[in-house]
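# Secondary and tertiary structure notes
Okay, here's what each chain looks like letter by letter:
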Amino acid sequence: MAGLVEKIEINCDMGEGFGRWKMVINRHDPQSNKWASAHVRQGPDDELIKYIDVANVACGFHAGDPSLMLKTVRMAKAHHVKIGAHPGLQDLFGFGRRRMEVDPEDMYASILYQVGALKAILESEGLSLNHIKPHGELFFYMQRDAKIMDAVLRAAAVYKVPVYACKNEMQKDMCVKYELPFQEELYVDIDYTPQGALVPVASSEKATPELIYERVTRCAASDERDHNQDGTFRVGFQGKPFSVCIHSDMITALENNMDYKFSNLRKIFIANRGEIAVRLIKACKKLGLQSVSVYSDSDATSIHSSLADENILLPGENVNGYMDTEEILRICKKLHVDAVIPGYGFLSEDATFAQKVIDAGMIFVGPNPVSISEMGQKHRARDLAVQAKVPVVPGSDLLESESEALDLANKLGFPTGGGGGMGLQVCQNDEEISAAFKKVKSRGETLFNNAGVFLEKYYLQSRHIEVQIFGNGTDVVHFGERECSIQRRHQKVIEECPSPFVQKRPNMREKLTKCATAYAMQLHYKSVGTIEFLVDDVTEDFFFLEMNTRLQVEHGITELCYEIDLVSLMLQQADCEKGGKIGLSSKYLHSLQKHGPSGASMEVRVYAEVPFRNYAPSAGLLQAVQWPEGEGVRVDTWVKTGQRISSFYDPLIAKIMVHAKDRPTACSKMTKVLSETILQGPPTNVYFLADVLTSKPFLDGDTLTNFLETKFKYEPCAIDVISPGSFTTVQDYPARATSGHGIPKGGPMDNLSSRIANILVGNDPGVEVLEMTLAGPELLFTASAIFAVSGAPVSIFIDGQEKPMWSRLIVGAGQKVKINKVENGGLRFYLAVKGGFPEIPSYLGSKAGTPSLGFGGTQGRQLQMGDWIELSREIKNRTGTVKPFTLPEASIPNYNISEVYCMHGPHDSDDFMTAKDRQMLYSIPWKIGHNSNRTGIRLVGAIPEWTRRDGGEGGSHPSNVFDYGYPSPGGINWGGDSSVILSMDSPDLGGLLCSSTVISADLWRVGQIKPGEYLKLKPTTFELAFELSERVERFVKDIQSLINGESKTVPNLDLTLPNSGLEEGQSNAILKTIPADDKRHQVVYRQGGDNFLLVEIGKQTVDVRVTTRIRVLVQKLQALKELKLAMNPNIGSVMIQFNPTIITQQALLGTVDIAERSIKATTDIQIPCREIYLPVVFDHPAIRASEKRYRETTRPTAVYLPDNVEYLRINNGLSTRRQTFEILLKSPFIVVAVGFLVGTPILFPLEPMSGIVGQKYNPTRVSTPGGTIGMGGSLFAIYPVEAPGGYMLFARTMECWDTFGNGPSFSPTRPWLYEPFDILRYHEVNVKEYDQLMLDYKRGSYKFDIREGVFNLQEVYEVFEKSRIDPIVQTFREGRDKCVEENLDIEKRLYREWVAVQEAEKEKEAERVKEMMNPEPSITIDSPIDANVWKILVQPGDVLKEGQVVAILEAMKMEINIVCEGKAGGKKVEAVASKPGTVVKPGAWIIIVKA
């Protein structure tokens, strides 16, 4: 440019982002009177400044950041560039990036401040202010508003310098007014027209770098410039000097985001899993490249398993599958893959695999195999460092033997370190050297296919700093350094860019990066790589450690600080290689290399682990996942809510990254992000990370590699579960009181004791507690806490010292709380902790755990050894002022329970049970069965006579009825001839009648009955039930007043009710009956305890008019929102749950009766509905396996065995198996109800010829494959997930319950699929097709085919009416009914025979035990409870040890270990008294021991 006379002044807005730029400019030579083209100029800001005349230094937002302003000023000063002020709007976001109202006087003060801040810095550097150039957005405000214009120029006049701006006559006049020089300027920014005209307002057109470069050229070359009427400028000179402004930050953004045109790569194979697989797939999507992902079975729900264009299930088992190179290459060949990108870990540094990829004609996206191999050999890597004159840690080449290692260690002096990565070991003496050599060699071979071992001097006070490099095969550039010193178990936990250590030492970055690039140049390195250095914190010396020939885990923070996409760059390099080039151009790479970082970024690695237990990994179910979002926040993860963290892989859950203007701001931002992160389920290190970030040493930048060992002590606030107890769950109150859709109520089995425990510690009564059954846990408290235990009597110990129940207790940090077995009456007890358990997630409105269904509480299960329960940090170290309190004995409830109150109904009426049945039901003591649990309390006793012979269309047994909503909890439910009290986790509908219902006030007492104890049912009335409920609630409030010091009265709970006046043997279950007439069906109103009302319409037979009428009734009642009714509709009834404190039973009865009578008797009803099209597969292997398992483990013979479909064919008089299957294909099915458990749809066919009937399993199955279409009575059902069941196994379709609502047809608040009146239609698929669809469903990618439709009652009714006189239908029904009768008789015979065999086996076993009793053995190991013997772990002749588990019993879904104690220790087993499968009582012999 020498010799050119400038008529154009080039100025640049600096400080808005030290980025990339490029410009093409022409200048005029007056000697030749010609325009000469200057060279294309491009580079970072410190290069750009060489080619500009003026730097407009941003001083709006950056007025608060003098260091950045000072940096810009010094850069400009070094190149003799004139400096102007570039003030903007007084906008928190800087540079006027948003439209806002601007006050002129505020603007005047702001300009004075902004320009003054810059002027002060200039004067400190001996410089003067050249001019003021308002920021573009500010200038546009000035154009529109004369007051703003005046304010800005009035402020400028204070500094008496020229003003640069676009042509504007008003501004020129005002400059004259304030005696200010005016310099006309052209903006070369994003506001323009394609023809090159400049637009002084925002343009809607997209800017491209090419168009901007062209426009800059046109600006310089044009020979005229006029102001147009449309507000644009044509570019020209007319001999007048003017200024062209280039925004370096704007050009930067455009330059870095220019679309690279991929011309060779099309499809990329992602050879990894987890968050890096997600990162790589997203990069491919962004670049328009197809991707192929692979996943193992345990990764089926990972985000990466369904994110790519093609997702392939690996045949290998878990971790081995990702390492199966031959299978990977086979998949690549089959899918015509162009390149393989491994990310990090697994195969990323496997030179052999890389070479195989290349040999297969693909590109390995990474360095060449030679570089990988060289760097994989630590001794070779060290040699190269020496050759490149890069400092190395004193140490060894590759060691061949343990003796070599010992010799060298003694020469170097201890401590020493060796291995690398996961194999790194630090040794303090000879013994540790010997052990570490073997360990490192073994682990290296297993994890990395490399058994090499090296040894180096270990520096105690050191830092881990690494340089990010990128090569194209001929040249290498760098993208600064990262510090990764915070490590646990020699793995990085927190990484930073830039290094705080380097930032304080201006020359160090240049030294490090120079060494790093020189090192990589020797390898002719291509793609990304990282050179790791050990930096001595004392001397500042640094040493080469190793080179990682792959993408680093922490690459993201470099991307944030250097505005570069490293994965995109890797793929661009690979594309060049695929096209036959060595790589990207060096010019291009150097254009990306910046002088230094922009701001500061930070990454934390979020692991599923327990830092308190030496960072032990913690596999488990993530019940809630939510990541914060916002500017400068990035989360790379592979998990979502519902993901199970497997024990097969590294426990990394996510990498959280933040970017800010400086390190302190980044620390604050990261702390805030961590506080907003939700990761609930298995324990993670989130709290640990937050504590590190807020520690003083970290904030001071004192981040040495031994930071966690020497400068930081983690003090968590949690419970560490040493032993979980027999059956411990998390429960809150009132839990899911009215959820419906097969979602049990949940909550404490004894909500009285749980609430009192909470009150004792100062919680709200309903806060979550631990519910413990029979035997309690042992818990380590890592912080002091306030707790209480209430419920059935148990012994409590804190570090061996006994403490009282019903008391406010304090446990210190590090102390253990142990709770023993229940000592007398009662079964369950509750532990409440002040502040509750904040990290237990809420599911569908409650934290209550339902282990039988896999949701809520601790990962959807009971407590396990090793669980970690976070406590409220608000109460940490605040227990010193807590006053002790013990509840008076008079206020402690009685747990010796022998009776509970119930109400007649819904079904103990004469149409179901005889007077003798009722007399028996309410007079005899019922024994509590050993298999009682949270899903039901089993009653063992007499068998009813029953009024009916069978259940009609409801089923073959008199206890079978049409499916209806259960009064749950509380209903006494009859399955066959045995009964169960529906409990907190029971189903909410089914086809088994409920004779009576335990009242709500006595449910807590039901929850305290132990197996083997006896219970009487005492009928009462609604009014008395309500009175008792009020007593219980008043007692809880009085307890609260006493504990809080508001009252001194000691409350006592009276649970005795006056005589109900009910006549013995009679029933008041039916509240009202409306007889049928010509227009209406019969309506029967039945009570279900004090909370339920059952409305039955019509007879126990299918009638679509009835089902539709119920639908209309439900809609009418739903409109009465003030009553807060919860409804459970079914095919012929609706169960209404109500709150008696809002509306009484009689008032509700009247309300419902009025609503029902108001419904017109018509078939002219159309109801909007959904039509759902479903695949169905017949004879699926899983169904056959389920039938076989039932025969082998439960019942070998039944009318429906060995083949359920064959039974249905015979039972309905059908000719062929195919004809039976076509029942599903030829008819649409209406969903008449949704419930039972987890959204089970109950279906009825709308085609009369599909109206088959069938019995139900007796006894029921323990397992049914998910998606099974079952058939029982005259109804069908789809099993949403694998579950117990009793319907005949017919076929399989899609599962329909998504616990966490991740699938396309579900949501977190609606995990069920079906609603009443959905219409289902089936189409057939084969087994292979079905299995693939289910695989898609499990991955969360299957989308149900759902269409809008209309249910037309008239049309459906006409079909059924015509079938009444259709001879084909009539013949079918007559044949069916005859077959049903025959099969019913067969089943009764087979059932009697099976029962007889069972009884004979029991008698045989009793005789065997009797023989053992003669003479009676002196030493036995006995059962402590009514239970089923599950496993016997010893055999005759075994010598017993004290504490040895000899047997495992099963009761209440608990595993109870039977342990050798006392005299039995050291003796031999003589005989097994109770074999597996035997039901035993308390005191029954399990093992007989020789004396």
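Summary of the structure given here. (Residues numbered from 1 in each chain as written. Predicted model: local features only at pLDDT ≥ 70, side-chain atom pairs only at ≥ 80, totals over all residues. Heavy atoms only, no water.)

### Details of the overall build of the protein chain
- Across its full length, the protein chain holds 38 helices and 76 strands.
- The proportion of buried residues among the 1491 residues of the protein chain is 58%.
- Across the protein chain, contacts joining residues at least 24 apart in sequence account for 70% of those joining residues at least 6 apart.
- When the accessible surface of the protein chain is summed, it comes to about 59,000 Å², and 51% of that surface belongs to carbon and sulfur atoms. (Helix = DSSP H or I, 4+ residues; strand = E, 2+ residues; numbered from the N terminus. Buried < 20%, exposed > 50% of the residue type's maximum accessible area, 1.4 Å probe, protein only. Contact = heavy atoms within 4.5 Å. Areas by Shrake-Rupley, 256 points an atom, 1.4 Å probe, with all protein chains shown as cover.)

### Some words on the environment of Ile303
- Tracing the backbone shows Ile303 in the loop between strand E13 (290–295) and helix H10 (304–307).
- Judged by relative accessible area, which is 23%, Ile303 ranks as partly exposed.
- Taking the C-alpha atoms as reference points, Ile303 and Thr637, separated by 334 residues in sequence, lie 8.4 Å from one another.
- The contacts of Ile303, once residues within four sequence positions are left out, are Val278, Thr637, Trp638, Val639 and Lys640.

### Structural notes on the pattern of salt bridges
- The full count for this structure, using the stated rule, is 82 salt bridges.
- Where Glu466 meets Arg482, a salt bridge forms, and the shortest distance between an N and an O atom there is 2.8 Å. Pair noted here: Glu466 is in strand E20 (residues 462–472) and Arg482 is in strand E21 (residues 476–488), with a separation of 16 residues, a long-range link. Arg482 matches Glu466 in its accessibility class, with the two residues each being buried.
- For Arg949, the salt bridge is made with Asp950, and the minimal N-O distance between the two is 3.7 Å.
- Where salt bridges share partners, they join Glu275, Arg279, Lys286, Glu559, Asp565, Arg634, Asp636 and Lys655 into one cluster. (Salt bridge = Lys/Arg side-chain N within 4 Å of Asp/Glu carboxyl O.)

### Some points on the nonpolar core
- Counting residues in hydrophobic clusters, the biggest one holds 143 residues, and the most contacted among them are Phe787, Val1095 and Phe1351.
- Considering every element that reaches this core, the biggest residue donor is helix H30 (residues 1022–1043), with ten residues.
- Among all residues touching Val1095, those that are not within four sequence positions of it are Val1083, Val1084, Tyr1085, Leu1113, Gly1132, Ser1133, Val1134, Ile1136 and Val1152.
- Counting residues in each nonpolar core, the second largest holds 47 residues, with Tyr1200, Leu1208, Leu1289 and Phe1306 among its members. (Core = buried A, V, L, I, M, F, W, Y, C linked by side-chain atoms within 4.5 Å.)

### Some points on helix H13 (residues 351–359)
- By the burial criterion, the buried members of H13 are Ala351, Phe353, Ala354 and Val357. The buried residues of H13 occupy an angular sector of 160° when the element is viewed end-on, so they sit on one face. In H13, the exposed residues that point more than 90 degrees away from the buried face are Thr352 and Asp359.
- Looking at the packing, one finds that the buried side of H13 touches helix H12 (325–334), strand E15 (339–341), strand E16 (363–364) and helix H14 (369–376).
- Phi for Gly361, located one or two positions after H13, is positive at around 85°. (Arc of directions from axis to C-beta.)

### Here we look at the sheet that holds strand E70 (residues 1419–1422)
- Pairing is antiparallel in the open sheet, where three strands are placed in the order E70-E76-E74. Two strands close off the open sheet at either side, each with one partner strand: E70 and strand E74 (1469–1472). With strand direction ignored, the average angle separating the axes of adjacent strands in the sheet is 25°.
- Two strands pair when backbone bridges link them, and E74 and strand E76 (residues 1485–1489) are joined in this way by three bridges, in the antiparallel orientation. Bridge assignment links Val1472 to a residue of E76, and that residue is Ile1487. (Pairing = 2+ DSSP bridges. Axes fitted to C-alpha atoms, helices over the stretch in contact; angles between N-to-C directions.)

### Digging into helix H36 (residues 1327–1339)
- In this model H36 runs 18 Å from its N-terminal to its C-terminal C-alpha over 13 residues, within 8% of the 18 Å that 1.5 Å per residue would give.
- Close packing links the buried residues of H36 with E13, H10, strand E14 (310–313) and strand E67 (1288–1292).
- The backbone nitrogen of Lys1328 has a side-chain oxygen 3.2 Å away, supplied by the residue at the start of H36, namely Asn1326.
- Looking one or two residues past H36, Gly1340 carries a phi angle of roughly 85°, positive in sign. (Expected span 1.5 Å × (residues − 1). Polar contact = N/O pair within 3.5 Å; in protein donor to acceptor, adjacent residues only side chain to side chain.)

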